[in-house]
Amino acid sequence: MTVLTLFSLYGGLFLTALVAATLLPAQSELLLATLLVQSGEPAWALITVATLGNSAGSAVNWWLGRYLTRFQGRRWFPFSPESLRKAEGWYHRYGRWTLLCSWMPVIGDPLTLVAGTLREPLPSFLLLVVLAKLGRYLVVAGVALALW
């Protein structure tokens, strides 16, 4: 493969995984599975790139959550004071370990946003999110490679 093709392949996977971890609707699992089966690239490299991209997208959510509260009084602010209090209570009750669920569809991305809003330290956030995302992509890779 040419350098440009490899850059496009890995760059596309990274960007797809990044966008998939934000609050925007996107999926990266199918792309990873397809690349694992058809590209001939090493599985460890593809899983690493997908994990890094998806974790970076979650870090974007964390950053948005961290700085979004500055605009709490604005009409367009997405959370009511009551919903923030509820989320804070829930997060304090179950703690940072909920970030191990950041891989899950529907609830995972908002969890990373709430973690930023509630000031979860970035190092512990990244450690737990990377572990969760890596676990998901290892399962996707295992299933894809077993079926094809």
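For the structure itself, look to the data block above.
Residues numbered from 1 in each chain as written. Predicted model: local features only at pLDDT ≥ 70, side-chain atom pairs only at ≥ 80, totals over all residues. Heavy atoms only, no water.

Caption draft 1: Structural context of the layout of surface pockets. Taken as a whole, the largest pocket holds about 260 Å³ of empty space. Forming the walls of the largest pocket are 18 residues, and the residues nearest its centre are Ala20, Gln27, Pro105, Asp109 and Arg136. For the lining of the largest pocket, the secondary-structure elements that each account for two or more residues are helix 1 (3-21), helix 5 (108-117) and helix 6 (122-147). For the lining of the largest pocket, the class distribution of residues is ten nonpolar, four polar and four charged. (1 Å grid on protein atoms, 1.4 Å probe; cavity = no way out; pocket = protein on both sides within 12 Å on 5 of 7 lines; lining within 4 Å. Points joined across faces, edges and corners; volume = space filled by probe spheres on them. Helix = DSSP H or I, 4+ residues; strand = E, 2+ residues; numbered from the N terminus. Nonpolar A, V, L, I, M, F, W, Y, C, P; charged D, E, K, R; others polar.)

Caption draft 2: Expanded view of the pattern of salt bridges. Taken as a whole, this structure holds two salt bridges when the rule is applied. Residue Arg136 is joined to Glu29 by a salt bridge in which the shortest nitrogen-to-oxygen separation is 3.4 Å. Taken together, the positions of Arg136 in helix 6 and Glu29 in helix 2 (residues 29-38) put the pair 107 residues apart, joining distant regions of the chain. On the basis of relative accessibility, which here comes to 18%, the residue Glu29 falls in the buried class. With its nearest N and O atoms 2.7 Å apart, the salt bridge here joins Glu120 to Arg96. Placement of the pair is Glu120 in the loop between helix 5 and helix 6 and Arg96 in the loop between helix 4 (81-94) and helix 5, with a sequence separation of 24 residues. Given a relative accessible area of 36%, Arg96 falls into the partly exposed group. (Salt bridge = Lys/Arg side-chain N within 4 Å of Asp/Glu carboxyl O. Buried < 20%, exposed > 50% of the residue type's maximum accessible area, 1.4 Å probe, protein only.)

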